[in-house]
Amino acid sequence: MFKPVSPKVDFPKLEEEILKYWKENKIFEKSLKKEAPYGNWTFLDGPPFITGLPHYGSLLSSIPKDVFPRFKTMQGYKVRRVWGWDCHGLPAENKVEEKLNIKRKKDIENTIGVKKFIDECKLYVSEVSTEWEWYVDHIGRWVDFKNAYKTMDLSYMESVMWVFKQMYDKGLIYKGLRVTLYCPHCATPISNFEVAMDADNYKEIIDPATTYKYELKLKSQNSKVKTYILAWSTTPWNKIVTPALAVNPKLTYVKVRMGTENYILAKDTLKILSKKSHPEQSEGSLNDNNGKDYKILEEFKGEKLVGKKFIPHYDYYVIDKNKKAFEIIGRDFVTAEEGTGVVTIAAYGEEDLKAMKQKSIHIEMHLDEEGTIKRDVPKFGGMYYLKANKYVNEDLQKRGLVYKEYKYSHNVPLCWRCHTRLYYAPQNAWYVNVQILKDKMKKTNKQVNWFPSHFQEGRFLKSLESAPDWNISRNRYFGSPVPVWECECGERFVPGSIKELEEKSGRKIHDLHKPEIDEITIKCKKCGKKTYRVPEVLDSWIEAGSASFGERHYPFIHQNVKDFYPPDFIGEYTGQIRAWFYVLHVIANALELRDDGLNTLSKNVLVEGVILGTDGRKMSKNYGNYPDPKELLQKYGGDALRLYLLGSPVMNAEDILISEEQYRNQIKGMMLILWNSYSFFIMYANTVSWNCDVKLKTDELTILDKWILAKLTKLVLEVNKSLEKFDSITAIRLTEDFIINNFSTWYIRRSRDRVSVSSDNKDRNLALSVIYGVLVTLSKLLAPLTPFIAEEIFKNLTGEESVHLQNYPKGDKKLLDEKLIEDMDFVRKIVKIGHAKRKELGIKVRQPLAEFRIMNYELRITEELLELIKNELNVKKVEFKKGKGELAVEFDSKITDELKNEGEARDIVRKVQEERKRLGTKLDEKINITLMDWPREFEEEIKRRAVVNKIQKGDKFSVERA
Ligand SMILES: [Zn+2]
Ligand SMILES: [Zn+2]
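Residues numbered from 1 in each chain as written. Chains lettered and ligands numbered in written order. Predicted model: local features only at pLDDT ≥ 70, side-chain atom pairs only at ≥ 80, totals over all residues. Heavy atoms only, no water.

Participant: Help me understand the overall build of the protein chain in this model?
Facilitator: When helices and strands are tallied, the protein chain shows 31 helices and 32 strands. Its C-alpha radius of gyration of 38 Å places the protein chain more than 25% over the 30 Å reference for a compact globule of 962 residues. C-alpha extents for the protein chain along the principal axes are approximately 125 × 80 × 50 Å. In the protein chain, buried positions account for 56% of the 962 residues. At a minimum sequence separation of 6, the contacts of the protein chain that also span at least 24 residues come to 77%. If you sum the accessible surface of the protein chain, you get close to 43200 Å²; carbon and sulfur atoms cover 48% of it. (Helix = DSSP H or I, 4+ residues; strand = E, 2+ residues; numbered from the N terminus. Rg over C-alpha atoms; globule rule 2.2 N^0.38 Å. Buried < 20%, exposed > 50% of the residue type's maximum accessible area, 1.4 Å probe, protein only. Contact = heavy atoms within 4.5 Å. Areas by Shrake-Rupley, 256 points an atom, 1.4 Å probe, with all protein chains shown as cover.)

Participant: What am I meant to see in the coordination of the zinc ion (ligand 1) here?
Facilitator: Put simply, a metal with four donors set out as a tetrahedron has ideal angles of 109.5 degrees, and one with six donors set out as an octahedron has ideal angles of 90 or 180 degrees. At the metal site, the zinc ion (ligand 1) is ligated by C183 (SG), C186 (SG), C415 (SG) and C418 (SG), and these contacts range over 2.2 to 2.4 Å. Spacing between the donor residues of the zinc ion (ligand 1) along the chain follows C-x2-C-x228-C-x2-C. Note that C186 is positioned in the loop between β3 (173-183) and β4 (188-189) and C418 in the loop between β13 (402-413) and β14 (423-432), a separation of 232 residues in sequence. Among the residues examined, C418 registers a relative accessible area of 24% and is labelled partly exposed. (Donors = N, O, S within 2.8 Å, 3.2 Å for Na, K, Ca; no water.)

Participant: So what exactly am I meant to see when it comes to the coordination of the zinc ion (ligand 2) here?
Facilitator: Around the zinc ion (ligand 2), the protein contributes the donor atoms C487 (SG), C489 (SG), C524 (SG) and C527 (SG), at 2.2 to 2.3 Å from the metal centre. Considered as a linear motif, the donors of the zinc ion (ligand 2) on their single chain read C-x1-C-x34-C-x2-C. Of this pair, C487 sits in the loop between β18 (485-486) and β19 (492-493) while C524 sits in the loop between β20 (522-523) and β21 (530-533), and the two are 37 residues apart along the sequence. Each member of the pair, C487 as well as C524, carries the same accessibility label: buried.

Participant: How should I be thinking about the side chain of N742 in this particular structure?
Facilitator: Mapped onto the elements of the fold, N742 is located in helix α25 (residues 728-755). The contact partners of N742, leaving out residues within four places of it in the chain, are W707, I708, K711, D737, Y747 and R828.

Participant: What's the story with the sheet that holds strand β31 (residues 948-953) in this structure? I'm lost.
Facilitator: Within a beta sheet, neighbouring strands are joined by backbone hydrogen bonds and run either parallel or antiparallel to one another. Read from one edge of the open sheet, three strands run β31-β30-β32, paired in mixed fashion. The sheet is open, and its two edges are formed by β31 and β32 (958-961), each paired on a single side. Across the sheet, the mean angle separating the axes of adjacent strands is 20° when strand polarity is ignored. Judged from the five bridges that link them, strand β30 (residues 927-931) and β31 form a sheet pairing that is parallel. Looking at the pairing, T930 lines up with Q952 of β31. Helix-sheet contacts for helix α30 (residues 897-919) involve β30, β31 and β32, and the interaxial angle to β30 is about 130°. (Pairing = 2+ DSSP bridges. Axes fitted to C-alpha atoms, helices over the stretch in contact; angles between N-to-C directions.)

Participant: Please explain the packing of aromatic side chains as it appears in this structure.
Facilitator: Ring pairs (aromatic) are described by centroid distance and by the angle formed between their planes. Tallying each qualifying case throughout the model produces 63 aromatic pairs. Geometrically, the ring pair formed by W83 and W85 is edge-to-face, given 5.5 Å between the ring centres and 70° between the ring planes. Ring plane angle 15° and centroid distance 6.2 Å describe the contact between F164 and Y168, whose orientation is recorded as stacked. Placement of the pair is F164 and Y168 together in helix α9 (residues 154-169), with a separation of four residues, close to one helical turn. Each member of the pair, F164 as well as Y168, is classed as buried. Ring pairs connect the aromatic residues Y182, W237, Y348, Y384, Y385 and Y423, which therefore count as one cluster. (Phe/Tyr/Trp six-rings, centres within 6.5 Å; stacked < 30°, edge-to-face > 60°.)

Participant: In this structure, what is going on with the nonpolar core? I would like to understand it.
Facilitator: Burial of nonpolar side chains together is a common tendency in soluble globular proteins. F681, F743, Y747, L797, F852 and I869 are the most contacted members of the largest nonpolar core, which totals 123 residues. Excluding residues that lie within four positions of it along the chain, F852 makes contacts with I830, G834, I869, L873, V875, K877, V878, E879, V889, E890 and F891. With 62 residues, the next largest nonpolar core counts Y212, Y214, L230 and V402 among its residues. (Core = buried A, V, L, I, M, F, W, Y, C linked by side-chain atoms within 4.5 Å.)

Participant: How should I be thinking about the pattern of salt bridges in this particular structure?
Facilitator: Any two side chains of opposite charge can pair, on the condition that their charged atoms come close. By the definition in use, this model includes 79 salt bridges. Here R853 makes a salt bridge to E851, at a shortest N to O gap of 2.8 Å. When its relative accessible area of 17% is taken as the criterion, R853 is described as buried. A cluster of three or more residues bridged by salt bridges with shared partners is formed by E851, R853, K877, E879 and E890. (Salt bridge = Lys/Arg side-chain N within 4 Å of Asp/Glu carboxyl O.)

Participant: Quick question: what am I supposed to make of α30 here?
Facilitator: An α-helix turns once every 3.6 residues. As a result, residues three or four positions apart point the same way. In this model, α30 (23 residues) spans 33 Å end to end at C-alpha, consistent with the 33 Å of a helix rising 1.5 Å per residue. Along α30, the positions that sit buried rather than exposed are L899, E902, G903, A905, I908, V909, V912 and R916. In the stretch just after α30, G920 is the one whose phi turns positive, near 75°. (Expected span 1.5 Å × (residues − 1).)

Participant: For this particular structure, what's the right way to read the sheet that holds strand β24 (residues 604-608)?
Facilitator: Pairing in this open sheet of three strands is parallel, and the strands run β15-β24-β23 from one edge to the other. At either margin of the open sheet sits one strand with a lone partner, and together these are β15 (449-451) and β23 (569-573). Sheet twist, expressed as the mean angle between neighbouring strand axes with direction ignored, is 15°. As paired strands, β15 and β24 are joined by three bridges and run parallel to one another. Looking at β24, one finds that F451 is bridged to L606. Of the strands in this sheet, β15, β23 and β24 touch helix α20 (residues 580-591), which is tilted by about 145° from β23.

Participant: Explanation requested: the packing of helix α24 (residues 703-724) against α25 in the structure shown.
Facilitator: Each pair of packed helices can be summarised by the angle the axes make with each other and by the distance between the axes. At a minimum axis distance of 10 Å, the contact between α24 and α25 shows a crossing angle of 170°. With respect to α25, the axis of α24 lies roughly antiparallel. Considered class by class, the residues forming the contact of α24 with α25 number 13 nonpolar, six polar and five charged. (Parallel < 35°, antiparallel > 145°, perpendicular 65-115°, else oblique. Nonpolar A, V, L, I, M, F, W, Y, C, P; charged D, E, K, R; others polar.)

Participant: Is there a simple way to explain helix α27 (residues 787-798) in this structure?
Facilitator: A rise of 1.5 Å per residue sets the reference length of α27, with its 12 residues, at 16 Å; its end C-alpha atoms lie 16 Å apart and thus fit the reference within 8%. When we look at burial in α27, the residues that qualify are P787, F788, I789, A790, E791, E792, I793, F794, N796 and L797. Just past α27, the residue G799 takes up positive phi, approximately 70°.

Participant: Would you mind going over the confidence of the model for the protein chain with me for this structure?
Facilitator: The predicted coordinates of low-pLDDT regions are not to be read in fine detail. Averaged over every residue, the pLDDT of the protein chain is 93; residues scoring 70 or more account for 98%. Contacts for the low-pLDDT stretch residues 276-290, under 50 throughout, to residues beyond four places or in other chains number 25 contacts. (pLDDT = per-residue confidence, 0-100.)

Participant: Sorry, what's going on with unusual backbone geometry here?
Facilitator: Leaving glycine aside, a negative phi is the common case for residues, and trans is the common case for peptide bonds. Note the cis peptide between K514 and P515, where omega equals -5°. Tracing the backbone through its elements, the reader meets P515 in the loop between α16 (498-505) and α17 (516-519). Note that the residue after Y554, namely P555, is joined by a cis bond; omega there is -5°. Within the secondary structure, P555 sits in the loop between α19 (547-550) and β23. Of note in the backbone geometry, H419 takes a positive phi value of approximately 65° without being a glycine. For H419, the location among the structural elements is in the loop between β13 and β14.

Participant: How should the side chain of E572 be read in this particular structure?
Facilitator: In this structure, E572 sits in strand β23. Among the polar contacts listed, one links the side chain of E572 to the side chain of K65, at a separation of 2.8 Å. Setting aside its immediate chain neighbours within four residues, E572 contacts G46, S61, K65, W580, F581, L606, V607 and E608. (Polar contact = N/O pair within 3.5 Å; in protein donor to acceptor, adjacent residues only side chain to side chain.)

Participant: When you look at the pairing of strand β11 (residues 327-330) in this model, what are you seeing that I'm missing?
Facilitator: Going residue by residue along β11, you find E327 and I329 tucked away on one face and I328 and G330 tucked away on the opposite face as well. Two strands pair when backbone bridges link them, and strand β7 (residues 244-247) and β11 are joined in this way by four bridges, in the parallel orientation. In the strand pairing of β11, A244 is matched with E327.

Participant: Whenever I open this one, the environment of K630 confuses me. Can you help?
Facilitator: The topology assignment puts K630 in helix α21 (residues 629-636). C-alpha separation for the pair K630 and I329, spaced 301 residues apart in sequence, amounts to 61 Å. Setting aside chain neighbours within four positions, we find K630 in contact with E131, W134 and Y135.

Participant: Can you walk me through the environment of P468 in this structure?
Facilitator: Turning to its location among the elements, P468 is positioned in the loop between α15 (459-465) and β16 (470-471). Along the primary structure P468 and R257 are separated by 211 residues, whereas in three dimensions their C-alpha atoms are 43 Å apart. Once residues within four sequence positions are removed from consideration, P468 is found in contact with R178, N192, E350, V434, Q435 and Y582.

Participant: When you look at the environment of Y623 in this model, what are you seeing that I'm missing?
Facilitator: The topology assignment puts Y623 in the loop between β25 (611-612) and α21. The class for Y623 is partly exposed, based on a relative accessible area of 38%. Linking Y623 and N928, residues 305 residues apart in sequence, is a C-alpha distance of 63 Å. Apart from the residues within four sequence positions on either side, Y623 is in contact with D615, R617 and K618.

So this is what it looks like as structure tokens:
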């Protein structure tokens, strides 16, 4: 006897019971010890930030991180699954700043003290959100929480130190002045890929767009007509320091006379000189040309301008010796598409700084680390750089140095943590030389299996091609230290382990965090002076990119690198292409740990899309545009969420809108239909005391049995194939189609008579055995996808400990019969047309008809299949008529008295069965019925089918227990 199963099921309640069962019986732990003949299969988890609550994005990425390890475990691999926490960086620091009411970065050192600040950061991340475990459990994810690693663990940080050392020794790390995005609130550089990860990190801003006039310095300044170069810019604040202008030597420029002045600009931009063609021009512009005409005086190539001098707007700063200033330089990046074909050059731009270095132009930095104009700058000193915009333009307007100004709207990047507007700033920082790794990175990318595959040649390759050198240092506090001790004499010491640092410093190391690490000094081996560590900490992306080593404390715990590296599988959303995926790949190619050349981010990479709010915007508490994930999990359960997400285009890297309806529909669809099939089986099997020890005899199988087993085999083969490719969408679509359209709608429905108590024993046992076999295989097949319902069904059917300790079905190819599958497709097609025809005739299916004719078709199917058509369409005979036309069907719709009586008998059976259901009688419990009348020749048939003891005549239909 099986545990009785109610057709009414509460999935979340069932899942709670299974969670309890798994914990009490340590099923997860047992699965880790399951026999693994195929060895290790590694997956690397991108650790989430330690505090806060999981959102749909974290649940989404957690689901495939459970599906594929379960699948691989069942296949016979050993899959290590340890949880990790990301601790370092701005998320923690910003929270502590809030808590301690720190408004400016300077206060950390001057008021609070670094030690207290770091202690607070550690305290903050030690308050691990226990909520995570609830979510992770309830989406059915198996992962080792107890032994979770943290990126702030000493062992993890030591592995990161080792990674840095490997790159440093290979000459891949350098210190230099480069331009990066910079947050003036956090006072630290920000990775461009951190900003690019989220569309919310951009904001549309209206800025002044100004065409400035720079007076050309002529050999003889005696001409009354002044000649100005026109240059366009949207950053008035850095016009305070413009030591150069750039033109494109190949572009055509013109000198024009306009009123009493001469202007030089690219020929293609002449339209800016006419007011009419410039709708954006603001009304109050002081220096517009009022529609006056200009006259072209000269036309020449930009190269003629290169080397010429101009009079600067501000010249308060001293020019470095051997450097040039206030000169026009030639650069290919200058175009005539926007502005005037002349660009102002300052240190606050990536291309600008590169040009300045190459052309020996003086580099002047006039902002401090908080974005304030330095005190010694006349007129504007002490102003926040954005505030200075207005005053700079006013000053230049007054001095007649603005040609025109209008409003310009553009998207600007914001800090991903504090949402302060970022700017590009020259930074003295530590960089990974990505340029020299590029060719290798492009080559090794070819060894990666990307899902979907287009990322390989698409977005990932593009991000490799356009990658700047990676700024890996942060002017912050809570992070792994940049492990460099730099002496005044230029000598550096870079330790690769704690032991090495202890030996060199003569001190015991307990913590690698600031401020302790900064107290460690070593003696310079070149000059003998006391040497201090550089002040920066590492970008936490170095830690994310070192996860394979950090989580295993490699190489300090001896392990064969090929056993775990690169991981077999990683998966994250599209935002990680330029972030985590990218840094993993950089580090893999920098370290080149594998001598066989397999130095890639991972062997297989799954890219998911983004789940957006109901209104298509990013999910946000402020917009209220998404249902609470905890509430939905409590309402519909984890299996349904898994089905919903694993079957949706989000697994194909497309964005989707969260939909409670689609989530709920998973229950109404496949899950409930599977459950109904299962409870149907249990009810009949228990009623007739069917025993699963009865061996299925294949030579006794009916055509319907053979067909469902062929379909099941095909399903098993195809689901295996899809999961091997990390294609959960196809796996779910096929399984759903099998359960709903084949197993339930056709096999079980056509087998109802066979399993009923009135059926003969042999056929009933056969049908029950087939249903049993299908359900057991389905539960194994579904185990990685819907672990709860699979467990429930499997345990009850087999009495074994867990479906997750089973081997994954491989499919018995002997059972595959493509011809039969094709023939049954035809049968079902015919039946569908037949039902439509009956509907047209207005004759219900319970009324038997004499004949069904299939026209223009030659009989190709077996007697057994024909019998199925007869039964399904309730006809006495099926005729085929040859012909060349379209397939068509017709019924002999004449209803004889006998047919009419048979139909009536069927109606009675149906009515009685409904009444039995209402009364709740057992399937084999006999009843007595009272009828007004009934066709006597079908009395025995009614009794048999409706399990009736006695029929008596009365003036009202009624059913009572016998
Ligand atoms: Zn910030
Ligand atoms: Zn030295």
